Amino acid sequence: MKKKTLVNHPPKVHVPGDNRPLVDPIYQSVKFTFDEVGETQRYWRRERDGFYYSRSSNPTLTQLERVLAELQGREDCLVTGSGIAAFSIAMLALLKAGDHMVFFTEMYQPSRVLIQRILRRFGVSSTMLSVEDHSGLERALREKPTRLLAFESPTNPAVKIADLQRITAIARQNDVLTVIDNTLAGVHNHGQFDVDVFVHSLTKYAAGHGDVLGGAIIGSHELIRAMRADATLLGPALDPHAAFLILRGLKTYVVRWQAQCSNAQRIAEFLQSHPAVERVSYPGLPGDPGHALAVAQMDGFGAVVTFDLRAGTEAGSRFADALELFAITASLGSTDSLVVAPAMQAPRGLTEQQRAWSAIGPGTVRLSIGLEDADDLIADLAQALQKAEA
Ligand SMILES: *Cc1c(COP(=O)(O)O)cnc(C)c1O
């Protein structure tokens, strides 16, 4: 064999079946081959297992999908290249032209815009309500045949808690599919509720280290099989190396979640007692409107603490600029702490009523609490609040 051929057909290393690597390898391969055309055709006819092309499946992705399905307490999972891809694939696979869907103003803004702009372009009509408006939801589903209800809990950024029992019961009575973007609750929460499809941005708590994008759709075999077929054509595949990083992140998921929740609780309590702060939204605070529901529904209240500065938008920018330990940027659930200033999240394209529902005011700051020492974070917040007032 000439060297030019050799480098393209290197010798294979055989790892004996009883000699497993403790950390599974990354299957960084786009293609999988069978020795014969006949076996390839048998695979296509689903007469044998295996892999063929990583846009539809890959062992590293399958491994991630299995652990996520189990964490969420459902049969199957499809991973995608980002959280928003998971949401858009779920919507595109479950809806068709002429369908009507219901969603809530409090939702992650890009998901809302996707519904209002792209799904509308494809003939899907929608009704937007507040996640707290149960009678409005009952009325909307009664008045108009509806295919799907999309919601979040906790909502991003206002961390409102949806009443999962109530909302899923209303949807079931009206034969409406439910899709929850469960990102802010993490991959271990809410499996006990009658939700059809869970969507996650794995970029957040699951991966946890801020170095990789990913998403997941989790549900029954039947629903996920249909979505996998559509996703193979739409092409949102997660890269195997990214899947490996997410699998590695998951190993510390539970301890990170617990430590970040406990840091967030202390920070919420500190902010609540501070005179510059008008209101703190954190479901772990006993006075929070979502507290009782969150206690009943969730294991841990999450790392997102949202609060309103009395002094408004400009003070919010001064506050964020003065912080030393919080990075001014998007995203949440990372090991490092992050801040979104009021000037960075004014809701677009909402009526005054909808703005009120969104609970994003002129002084609304969103924090994502990391794994730093809570005393250091509180000292940093205290000095920045002082500078914001000056
Ligand atoms: C971040 C986020 C997304 C989008 O996830 P990406 O991985 O950034 O694409 C979707 N929904 C919620 C609730 C999020 O917080």
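Structure: above.
What comes next is a walk through the structure. (Residues numbered from 1 in each chain as written. Predicted model: local features only at pLDDT ≥ 70, side-chain atom pairs only at ≥ 80, totals over all residues. Heavy atoms only, no water.)

1. Topic: the overall build of the chain
When its secondary structure is counted, the chain shows 14 helices and 12 strands. Taken against the 2.2 N^0.38 rule, which gives 21 Å for 390 residues, the C-alpha radius of gyration of the chain at 23 Å falls within 12% of a compact globule. Taken along its principal axes, the extent of the C-alpha atoms in the chain is 75 × 50 × 35 Å. Within the chain, buried positions represent 53% of all 390 residues. In the chain, of all internal contacts separated by at least 6 residues, the share reaching a separation of at least 24 is 72%. Only carbon and sulfur atoms are counted for the fraction: they give 52% of the accessible area of the chain, which is about 18,900 Å². Across the chain, the mean location of the 39 positive side-chain charges is 8 Å away from that of the 43 negative side-chain charges. (Helix = DSSP H or I, 4+ residues; strand = E, 2+ residues; numbered from the N terminus. Rg over C-alpha atoms; globule rule 2.2 N^0.38 Å. Buried < 20%, exposed > 50% of the residue type's maximum accessible area, 1.4 Å probe, protein only. Contact = heavy atoms within 4.5 Å. Areas by Shrake-Rupley, 256 points an atom, 1.4 Å probe, with all protein chains shown as cover. Lys, Arg positive; Asp, Glu negative; His and termini not counted. Charge placed at Lys NZ, Arg CZ, Asp CG, Glu CD.)

2. Side note on the side chain of Thr105
Mapped onto the elements, Thr105 comes out in the loop between strand 2 (100–104) and helix 5 (109–121). Residue class for Thr105 comes out buried when judged on its relative accessible area of 3%. Apart from the residues lying within four places of it in its own chain, the contact partners of Thr105 are Arg112, Met128, Leu129, Leu350, Gln354, Trp357 and Ser358.

3. Quick word on a nonpolar patch on the surface
A contiguous nonpolar patch, built from Val30, Trp44, Tyr52 and Tyr53 and spanning about 410 Å² of accessible area, is present on the exposed surface. Checked against the element boundaries, Tyr53 lands in the loop between helix 2 (37–44) and helix 3 (59–72). According to the relative accessible area criterion, Tyr53 is partly exposed, its value standing at 34%. (Patch = residues over 30% accessible without salt bridge, like charges linked within 9 Å, V, L, I, M, F, W, Y side chains within 5 Å. Salt bridge = Lys/Arg side-chain N within 4 Å of Asp/Glu carboxyl O.)

4. Quick look at the packing of aromatic side chains
Under the counting rule described, the total for this entry stands at 8 aromatic pairs. Between Phe32 and Phe51 the ring centres are 5.7 Å apart and the planes differ by 45 degrees, which places this aromatic pair in the tilted class. Of this pair, Phe32 sits in the loop between helix 1 (3–6) and helix 2 while Phe51 is found in the loop between helix 2 and helix 3, placing the two residues 19 residues apart along the sequence. Judged by centre distance (5.7 Å) and plane angle (40 degrees), the rings of Phe34 and Tyr43 are tilted. (Phe/Tyr/Trp six-rings, centres within 6.5 Å; stacked < 30°, edge-to-face > 60°.)

5. Remarks on the site of the ligand
Surrounding the ligand, one finds 15 residues, the nearest of these being Gly83, Asp181, Ser201, Thr203 and Lys204. A distance of 2.6 Å separates a nitrogen atom of the ligand from a polar side-chain atom of Asp181. Ser201 places a side-chain nitrogen or oxygen 2.8 Å from an oxygen atom of the ligand. For the ligand, whose unbound accessible area comes to 380 Å², protein coverage reaches 92%. (Near = heavy atom within 4 Å. Polar contact = N/O pair within 3.5 Å; in protein donor to acceptor, adjacent residues only side chain to side chain.)

6. Some remarks on the sheet that holds strand 1 (residues 76–80)
Within the open sheet, the 7 strands sit side by side as 1-7-6-5-4-2-3. Their pairing is mixed. Edge positions in the sheet fall to strand 1 and strand 3 (125–129), since each has one partner strand and no second. Mean inter-strand twist for the sheet, computed between neighbouring axes without regard to direction, equals 20 degrees. With 3 bridges connecting them, strand 5 (residues 177–181) and strand 6 (residues 197–201) associate as parallel partners. (Pairing = 2+ DSSP bridges. Axes fitted to C-alpha atoms, helices over the stretch in contact; angles between N-to-C directions.)

7. Observations concerning the pairing of strand 7 (residues 215–219)
Within strand 7, 5 of the 5 residues are buried, which leaves the element mostly enclosed by the surrounding structure. Side chains Gly215, Ile217 and Gly219 project from strand 7 onto one buried face, and the interleaved Ala216 and Ile218 project onto a second face that is buried too. Bridge count between strand 1 and strand 7: 5 bridges; the pairing is antiparallel. Within strand 7, the residue paired with Val79 across the bridge is Ala216.

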